[in-house]
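Single-letter residue listing:
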Amino acid sequence: MRFCTACGHTTIDKIPLGDHQVRKVCTHCGTIHYVNPKVICGALALWGDKVLLCRRAIEPRYGLWTLPAGYMELFETMEQGAARETREESEAEIEIEQLYCMYNIPRIGQIYVLFKGNIIDGHFGAGEETIESRLFEEKDIPWNELAFPSVERTLRHYFADRKNNQFPTHLETLGTRLDHTG
């Protein structure tokens, strides 16, 4: 950011008084411009013992399979965002059961929040950002065609948790050297 969004004057890199990070600060009005992580919300949408996956019709990762998810909008809760994204990408209405997985992805400035939920009437389709959506049993998951590490991790948690019929909330950091996920 070279120019202030408040007054249009130039910005400089500076650590503001009382802060600990370099920020873009306006040379004229003093506005401090913060850049914060983006929140992605979505759902592990279930119908019986099957999981709903969407094949992406957009970049990044065009043509690969994902859980319905996307950027949270202003003035909505994470649950509302997860339901909206599921509706937009798969035309499915869901009833959210619980917070299921949260992933910190600091290297790209994102936080993924995924809820476990049930498809209300079994209806689903393909929204504008989706080539196709499909229900998968565990044995049919296209593991080598999943779009993101968070999708694979969520599915692996779900199928392991389902064996015990206990679904704790999972919190992980992805993209570190220790986890080898990207």
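Residues numbered from 1 in each chain as written. Predicted model: local features only at pLDDT ≥ 70, side-chain atom pairs only at ≥ 80, totals over all residues. Heavy atoms only, no water.

1. So, the packing of aromatic side chains
Part 1 of the argument: Under the criterion given, the structure shown has 5 aromatic pairs.
Part 2 of the argument: Ring geometry for Trp 65 against Phe 136: centres 5.1 Å apart, planes inclined by 85°, an arrangement best described as edge-to-face. Pair noted here: Trp 65 is in strand S6 (residues 65-66) and Phe 136 is in strand S10 (residues 130-136), with a separation of 71 residues, a long-range link. Note on accessibility: Trp 65 and Phe 136 belong to one class, buried.
Part 3 of the argument: In this structure an aromatic cluster arises from ring pairing among Tyr 100, Trp 143, Tyr 158, Phe 159 and Phe 167.
Part 4 of the argument: A cation over a ring is seen here: Lys 116 above Phe 167, with NZ or CZ 4.3 Å from the ring centre.
Part 5 of the argument: Note that Arg 156 overlies the ring of Trp 143, its terminal NZ or CZ placed 4.1 Å from the centroid. (Phe/Tyr/Trp six-rings, centres within 6.5 Å; stacked < 30°, edge-to-face > 60°. Helix = DSSP H or I, 4+ residues; strand = E, 2+ residues; numbered from the N terminus. Buried < 20%, exposed > 50% of the residue type's maximum accessible area, 1.4 Å probe, protein only. Lys NZ or Arg CZ within 6 Å of the ring centre and 35° of its normal.)

2. Things to note about the pattern of salt bridges
Part 1 of the argument: Scanning all chains against the criterion turns up 15 salt bridges.
Part 2 of the argument: In this structure, Glu 93 and Arg 87 form a salt bridge, with 2.9 Å as the shortest nitrogen-oxygen distance.
Part 3 of the argument: Its salt-bridge partner being Lys 139, residue Glu 137 comes within 3.9 Å of it at the nearest N-O pair.
Part 4 of the argument: Taking the relative accessible area as the measure of exposure, Lys 139 reaches 65% and is therefore exposed.
Part 5 of the argument: Beyond isolated ion pairs, a larger network of salt bridges with shared partners links Arg 55, Glu 132, Arg 134 and Glu 145. (Salt bridge = Lys/Arg side-chain N within 4 Å of Asp/Glu carboxyl O.)

Read these as geometric descriptors, not functional statements.
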